[in-house]
Amino acid sequence: MVDGSRSGQDEQAPCVPKQAVYRKRHRLNSKSQFESVFNAKLRKSRGPITIFLKVSDASEHRLGLSIGRRLGNAVVRGRFKRMMREVFRHQRSGFPSPSHGGTYDIVVTARKHDPLGLDEYTKLVIDAVDAAHRVCEKRLTK
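Predicted model, so just to flag it, every value in this text is computed and none were measured.

Observations regarding unusual backbone geometry
Move 1: Located in the positive-phi region is K41, a residue other than glycine, with phi close to 60°.
Move 2: Relative to the elements of secondary structure, K41 occurs in the loop between α1 (31–39) and β1 (43–46).

Put into C-alpha cells, the structure is as follows:
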C-alpha cells in the first residue's frame, strides 16, 4: 500500500480485547431477570445513580438498565444508557465477584440530574458496586 489507503483484504482490523466488548450475554433482557435483581433487596445509591445487585451463577457480570422518562427526553436517556454501557464495558473485569463463586447481575437506575462526564459516572458506578459487594459479602457470611 503505497498511497496509505486500506484495502480490507490486505490488513486485519485491530483486535479489541475480550473484556472491552459489550455483548448479548452481558445483558439482562427479560422481565423476570430484572424482577429477581430488584427482589434481592440490595441497592446502593451514589449521586443520581442507584445500583441494584444480585448474585448470579452466570459466567460473567451482566448489566440491566432501567431508565424512566423522568430522567429526560429520549436523547438524554439514550446518552445516559450509552454512558452506562461504556462504564460497564470498561470496568466489568474489575468488578468484584462473590467470595463463594459466581458473578453479579447489576441493574442501574437514575434520578433526574445534570449530565456528567464518563469519568464521573465511572467513579459513581465503581463506588456503588463496591459498596453493594461489601453488603453482599456480609449477608453471605451470616
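Focus on the packing of aromatic side chains
Move 1: Enumeration according to the criterion identifies three aromatic pairs in this entry.
Move 2: Their ring planes at 85° and their centres at 4.7 Å tell us that F38 and F52 sit as a pair that is edge-to-face. On the criterion of sequence distance, the pair formed by F38 in helix α1 and F52 in strand β2 (residues 49–56) is long-range, its members being 14 residues apart.
Move 3: Ring plane angle 45° and centroid distance 6.1 Å describe the contact between F88 and F95, whose orientation is recorded as tilted. No difference in accessibility class separates F88 from F95, as the two residues are buried.

Brief notes about the nonpolar core
Move 1: Formed by 25 residues in total, the largest nonpolar core has its most connected members in I49, I51, F80, M84, I106, V108 and V125.
Move 2: Examining the composition of this core, we find that seven residues originate from one element, helix α3 (residues 118–141), more than from any other.
Move 3: In terms of nonpolar packing, the next biggest core, distinct from the first, is built from five residues, F34, V37, F52 and V107 among them.

What counts and what doesn't
Residues numbered from 1 in each chain as written. Predicted model: local features only at pLDDT ≥ 70, side-chain atom pairs only at ≥ 80, totals over all residues. Heavy atoms only, no water. Helix = DSSP H or I, 4+ residues; strand = E, 2+ residues; numbered from the N terminus. Phe/Tyr/Trp six-rings, centres within 6.5 Å; stacked < 30°, edge-to-face > 60°. Buried < 20%, exposed > 50% of the residue type's maximum accessible area, 1.4 Å probe, protein only. Core = buried A, V, L, I, M, F, W, Y, C linked by side-chain atoms within 4.5 Å.

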